[in-house]
Amino acid sequence: MESSYPEFMNAKQVAEYLDLNEKKVYALANDGLLPATKVTGKWLFPKALLDKWLLESCHNGVLNDRLLIAGSDDPLLQMIVGDMANKLGSTALIGYTSTGTRQGLSMMSKGHVDMCCIHWGHAEEAALRHPALLQQYSGHRNWVLIHAFERQQGLVVSQEIADCVNNRSIQPQEMLSSRWRWAMRQEGAGSMRALSEWLHTHAFTIEMLTSIGTCNSERELASSIARGEADVGCASQSTAGEFGLGFIPLCTEAFELVIPKNIYFRDLQQKLLHALSDNAIQGKGDQLGGYNFSRSGQQVWSGK
């Protein structure tokens, strides 16, 4: 039977549909707890997302056999997800797509993913930067931020170039010369933010670099350098370690996980968080290089 409710409902229709007081509908929308948009100047509620919200609210969600992750790329987290997927087999769906920090948060705000990985600047500023970033997205009041680890961010280069930097025959800022070919990440990626801030200290901009193109993951960036298509790119030390490439450190950053509060205690989410404290996993991180697990699993912010 076809529904009598439109694809996009107003607050009065939602109140009738959910059997709520209309003021309660507005309150839930303002708190980011109901899927809604105000792009037209008034609240509109997509019926399809409302139906999904109802299902997600039942018994802590019905999709307990799914964990979809988006946002920033990290080799160690990719290993954790791969190991979980292998052990779970066909009993659950777990996936990790590298989209960059900002696109991952946009997907989270629309309910497309269950977890988002972010990094947005120096570790000592993360306590301010990360919450400020999250608050730019609808639904952030229903999010919690978990510290995964700190990691070294910098320039990934060939081992030959790294040796020249270590021998001081090349200074890191000399990589800004037009003769060096740069592999870039997509707009909104945390590594592009880190690169832009480092360039600013040398009165340089990204547009002034010699770019060979955009890479949609750290692995794609490292692969282009390993194949000789590019000379340098901005990524984590662990990415350089995974490909046997050289690394020039620029800063330490906090890599953190954004999770909706209503699904935080699901089994798959908790398994991933527990894996971050596993000695074997941390040992793999030590082999890749650049990780600090001293605060892994700590809650650092909760939306209000």
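The structure under discussion appears in the preceding block.
Okay, so let's go over this structure. Because the structure is predicted, anything quoted here is derived from the model rather than measured. By convention here, each chain's residues receive numbers from 1 onward along its written sequence. A pLDDT threshold of at least 70 governs which residues receive local features in this predicted model, and a stricter bar of 80 or more applies before side-chain atom pairs are shown or counted, although totals over entire chains, interfaces and linings include all residues. As a rule here, side-chain values come from all non-hydrogen atoms in the structure, and water together with hydrogens is ignored.

### A few points about the pairing of strand β8 (residues 210-215)
Then, in step 1: Relative to β8, strand β7 (residues 181-185) runs parallel, the two being bridged by 5 bridges. Residue pairing for β8: Arg 181 is matched across the bridge by Thr 210.
Then, in step 2: In this region the chain leaves β7, passes through helix α8 (residues 190-200) and returns to the parallel neighbour β8; the handedness of that crossover is right-handed. DSSP calls a pair of strands paired once it identifies at least 2 bridges connecting them. Runs of E in the DSSP output that reach at least two residues are strands. Runs of H or I that reach at least four are helices, and both are numbered from the N terminus. Looking down the strands as they point away from you, a crossover is right-handed if its path from the first strand over the helix to the second goes clockwise.

### Examining unusual backbone geometry
Then, in step 1: In this model, Asp 19 sits at a positive phi of 60 degrees, which is unusual for a non-glycine residue.
Then, in step 2: With respect to the helices and strands, Asp 19 occurs in the loop between α1 (11-18) and α2 (22-30).
Then, in step 3: A positive phi is found at Arg 168, a non-glycine position, where the angle reads about 65 degrees.

### Regarding the pattern of salt bridges
Two side chains with opposite charge may pair up if their charged atoms get near one another.
Then, in step 1: Note on definitions: salt bridges are taken to be side-chain nitrogens of Lys or Arg within 4 Å of carboxyl oxygens of Asp or Glu. The full count for this structure, using the stated rule, is 14 salt bridges.
Then, in step 2: Of the charged contacts, one joins Arg 129 and Glu 197 as a salt bridge, the two residues approaching to 2.7 Å between their closest N and O atoms. Of the two residues, Arg 129 is situated in helix α6 (residues 126-134) and Glu 197 in helix α8; the sequence distance between them amounts to 68 residues.
Then, in step 3: The partner of Arg 151 in a salt bridge is Glu 218, with the nearest N and O atoms 3.4 Å apart. With a gap of 67 residues between them, Arg 151 in strand β6 (residues 143-157) and Glu 218 in helix α9 (residues 218-226) connect regions that are remote in the sequence.
Then, in step 4: Only protein chains enter the calculation, and the probe is 1.4 Å; a residue is then buried if its accessible area is under 20% of its type maximum, exposed if over 50%, and partly exposed in between. The exposure class assigned to Glu 218 is buried, which follows from its relative accessible area of 1%.
Then, in step 5: One salt-bridge network, held together by shared partners, links Asp 74, Arg 151, Glu 218 and Glu 253.

Treat this as a map of the structure, not an account of what it does.
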